[in-house]
Amino acid sequence: GTRARDVRDGTALGVSQLPGDFDTASSVQFLLRLGETLEEWTHKRSVDDLARSMALQVDAVWRLDEEGGKKLVPLNAVSPGDLVIVHTGHVLPLDGILESGDVMLNQASLTGESVPVAKRPGAAVYAGSVVEEGNCVVRVTGAAGENRYDRIVQMIEDSERLKSGVERQAANLADKLVPWCLGGSLLTWLLTRNVTRAVSVLMVDFSCALKLSMPLSVLSAMREAGNRKITVKGGKYLERISEANTVIFDKTGTLTKACPTVLTVVPFHGSDAAEMLRLAACLEEHFPHSVANAVVRAAKERGLDHEEMHSEVEYVVAHGIATRVDGKRTVIGSRHFIFEDEGVTIAPEDREAFDSLEQACSWLYLAVDGVLSAAIGVLDPLRPEAEQTLVALHAAGIEKTVMLTGDSQNTARAIAQSLGVDEFRAEVLPEDKARYIRDEQAAGRTVVMIGDGINDTPALSLADVGIAVGSGATIAREVADVVIAAEDLRELVCLKRLSDALMRRIRQNYHFVMGFNGALILLGALGVLPPTVSALLHNSSTLLLSMHSLTKLMGEEKTSELERTHTNGNRSIQ
C-alpha cells in the first residue's frame, strides 16, 4: 500500500516538472509532504492519547536509600530491586513485592474487583493499584516502561493489527485504486495533452483518507469504551458486536451478583445439620468459587470451626469435590455429579423429604459413603439491572438472548422467566456451552458470550466475541476479547450502541472519501482545479475527516438517554 502510494507521489512530482514549471512542482512536493506529516501526527496523537488515558499519571516516587532515608526521584530513575514508599491514597507506580506494611489495595483498574484486597509483606503488587488504607514499602521488580503503560501500548498496537473486516476492505480497496489513479492520469493526458490536468488527477488518491480515518475511528471507539471501564482488545471485535444477533449469558457471577448465600441446610440419613455444614465448609474452603465461599461464610456465621479432617481433596471442574473422611468417600457438588457420576443413593426414609425440597434455590448435595447426608440450599441473588439489560439489548437489535447454567431445570426455568430470556439451558457443563455456541454459529448466527468463571473459558474463546465480567476469574479475562470492569451489565448495551455507531461512522467515512475525492479527480481532469488546489483540498479533507473520526461516537444525548434507562431500570426492578 505504501509502495504504491510512493509510486503515485513520485509520478506526480516527475510529471509536474515536464513542462518546466518548477513552481508547481515545488508546491506539489510541499503539499504531499505536508499531507504525510499531518497523517503521521494525527495517527500518533490518537494512539498516544488512548495510551495516556489508560496509563498511570506518576512522574516521581519516594525511594528509600540504604541508610533508611527517603528521596523524591523521577520515576525513570527507579531500577529493579529499589525500595519505594507508597502512602495512603496514592497509586502504586511500578510492579513489585510488598516489603513491609499491611495495606488494603483497590485493584479495580486491573481486575475489576470493587472491594479492596488485603495485602501483606511478601505479596506481589501491581502498578495501577491504589493504596486505600495503610502505608507500605515495595521492592520494585520491573523498571519504568516495563509495567502497565508498556502493556497498554502493546495492547493498542496489537489491536491495530486486529483490524475489522470493514477496515481491511477499505485498505485493500485504497491499494487497488492507486493503479486506477495512475491510469486515469495517463488517460487524461492522452485525451487532453495537458500535463497540468494529468497532475491534478495524480494529486488525489483514496489511500490516505481511507487508511487514516478508519483506524482513527476504531481508536476513538476503544478510548470511549476505556472511559467506561470496558477494555476492547481489537477493532474486529467491535465490528462483530455490531453484527451480533445472539447473546449468551452464563448465570452465576454474570446475571447474578456472584455473592450467593446459604438459606438452609437439610440433613438426611440421621445426620446433624450443623455437623454437615461444618464438613461441607471443611471441603469447600480450598476452592475460591462463589458457592464455596457462601458455604464457608455460613459456617463461620454459625460459629462452626472446621479443622482439616480429610485426605487429599480432588476437585472435578464444574462438578464437585471428592475426598475421604475417616476412611469414607465424601463428595459434595451438583445433582449431576452426586447422583449420576457418583451413583449416590437416597435412604428410603428420606425420599419424601428429598422430593419436597423447594425449587426456588440451588441445591448443593453432600454424601458420605455413597448415601445422601445433606442438601444445602443456596440462593444467588440476581443483579438488579439484569432484566433491564436484556430488554435494552433487544431494543438495540439483539434477536436472541440465552442463559446457560449448571442449575437444575426448575431453578433455571424460574430465573429465565423472571428475567425474560428467550431461551435457557440447565445443568450444562463447559463442553455443553461450547457445543451450543458451535450450533448457533453453524446456523449462521454471530454469537457473543458473557461469562466470568474458569468453566466459561472454552465458550469465551469459541464465541465470535467473548466478554468477561471484570470481577471474574483471571483466566476468563485473559481469554476474553472484551473485559467489562464496571459492575453493571448495562455497559453491554452501551458497548452494543458504541459498536453500531462506529460501524455507521466507518461507512459514512467510506462514502465521503469515495464521493469527495472522486469529484476532485473529475474536476482536475476537466481542468477546473489546478494541481495545487486539488492537493490542498484533498489534504484538507483528509485532515478534517481524521479530526471528525476522533470525536465522540456516543453523543451527550445518547449517553444521558442510557443513564435515564439505567435509572428507570433500577426503579422498575426495585
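Residues numbered from 1 in each chain as written. Predicted model: local features only at pLDDT ≥ 70, side-chain atom pairs only at ≥ 80, totals over all residues. Heavy atoms only, no water.

Undergrad: Please provide a residue-by-residue account of the overall build of the chain, values included.
TA: If you tally the helices and strands in the chain, you get 21 helices and 22 strands. Here the chain, with 574 residues, has 49% of them falling under the buried criterion. Long-range contacts, defined here as pairs at least 24 residues apart, represent 68% of the contacts in the chain between residues at least 6 apart. (Helix = DSSP H or I, 4+ residues; strand = E, 2+ residues; numbered from the N terminus. Buried < 20%, exposed > 50% of the residue type's maximum accessible area, 1.4 Å probe, protein only. Contact = heavy atoms within 4.5 Å.)

Undergrad: Go over the packing of helix α19 (residues 491–525) against helix α20 (residues 531–549), please, and point to the residues and values.
TA: Where α19 meets α20, the axes come as close as 11 Å, and the angle between the chain directions of the two elements is 170 degrees. Considering the angle they form, α19 stands roughly antiparallel to α20. Of α20, the residues touching α19 (which contributes Arg505, Asn509, Phe512, Val513, Phe516, Asn517 and Leu520) are Ser534, Leu537, His538, Ser541, Leu545, His548 and Ser549. Its residues placed into classes, the contact of α19 with α20 shows six nonpolar, seven polar and one charged. (Axes fitted to C-alpha atoms, helices over the stretch in contact; angles between N-to-C directions. Parallel < 35°, antiparallel > 145°, perpendicular 65-115°, else oblique. Nonpolar A, V, L, I, M, F, W, Y, C, P; charged D, E, K, R; others polar.)

Undergrad: Tell me about the packing of aromatic side chains, residues and numbers included.
TA: Counting across every chain of the model gives five aromatic pairs. Relative to Tyr365, the ring of Phe339 lies with its centre 5.3 Å away and its plane at 65 degrees, an arrangement referred to as edge-to-face. Taken as a pair, Phe339 in helix α12 (residues 335–341) and Tyr365 in strand β16 (residues 362–368) lie far apart in primary sequence, 26 residues in all. In terms of burial, Phe339 and Tyr365 fall into one category: buried. Taken together, the ring pairs in this structure connect Phe268, Phe339, Phe354 and Tyr365 into an aromatic cluster. In this structure, Lys70 packs its charged tip against the face of Trp62, placed 5.2 Å from the ring centre. (Phe/Tyr/Trp six-rings, centres within 6.5 Å; stacked < 30°, edge-to-face > 60°. Lys NZ or Arg CZ within 6 Å of the ring centre and 35° of its normal.)

Undergrad: Give me the pairing of strand β17 (residues 371–379): which residues, what numbers.
TA: For β17, a buried count of eight out of nine residues is recorded, marking the element as mostly surrounded by other parts of the structure. Two elements, strand β12 (residues 261–267) and β17, share six bridges in a ladder whose sense is antiparallel. Residue pairing across strands places Pro267 opposite Ala374, the latter belonging to β17. Sheet topology places β16 next to β17; seven bridges connect them, and they run antiparallel. (Pairing = 2+ DSSP bridges.)

Undergrad: Break down the side chain of Glu224 for me, citing the residues and quoting the values.
TA: Note on placement: Glu224 falls in helix α7 (residues 207–227). The buried charged residue Glu224 lacks any salt bridge, with Lys552 as its nearest oppositely charged partner at 5.2 Å. (Lys, Arg positive; Asp, Glu negative; His and termini not counted. Salt bridge = Lys/Arg side-chain N within 4 Å of Asp/Glu carboxyl O.)

Undergrad: Any chance you could break down the packing of helix α8 (residues 235–243) against α19 for me, citing the residues and the numbers?
TA: Interaxial distance between α8 and α19 falls to 8 Å at its minimum, and their mutual angle equals 105 degrees. One finds that α8 runs roughly perpendicular with respect to α19. For the pair formed by α8 and α19, the contact residues are Leu238, Glu239, Ile241 and Ser242 on the first element and Leu495, Lys496, Ser499, Asp500, Leu502 and Met503 on the second. Considering only residue class, the contact of α8 with α19 consists of five nonpolar, two polar and three charged.

Undergrad: Give me the lowdown on the confidence of the model for the chain, citing residues and values where you can.
TA: Low-pLDDT stretches of the model should not have their predicted coordinates read in fine detail. With 69% of its residues at a pLDDT of 70 or more, the chain shows a mean pLDDT of 76. Confidence drops under pLDDT 50 across residues 1–5; counting only partners more than four residues distant or on other chains, this segment forms ten contacts. Per-residue pLDDT stays below 50 along residues 564–574; that stretch engages in eleven contacts with residues further than four places along the chain or on separate chains. (pLDDT = per-residue confidence, 0-100.)

Undergrad: How would you summarise the pairing of strand β18 (residues 400–404) if you had to cite specific residues and measurements?
TA: With five of five residues buried, β18 is to be regarded as a mostly interior element. Bridge count between strand β11 (residues 246–250) and β18: five bridges; the pairing is parallel. By the bridge assignment for β18, Ile248 is matched with Val402. After leaving β18, the chain enters helix α15 (residues 409–419) and then returns to the sheet as strand β19 (residues 423–425), a path that is right-handed. (Right-handed = clockwise from strand over helix to strand, strands pointing away.)

Undergrad: Requested: an account of the nonpolar core, with residues and values cited.
TA: Among soluble globular proteins, nonpolar side chains are generally buried collectively. Grouped together as the largest cluster of nonpolar side chains are 49 residues, with contacts concentrated most on Val232, Phe249, Ile450, Ile467, Val482, Leu495 and Leu502. With residues up to four places along the chain from it excluded, the contact list for Ile450 reads Val247, Ile248, Phe249, Asp250, Thr254, Leu460, Ile467, Val469 and Leu492. Within the second largest apolar cluster, 22 residues are counted, among which are Val265, Ala280, Ala299 and Ile376. (Core = buried A, V, L, I, M, F, W, Y, C linked by side-chain atoms within 4.5 Å.)

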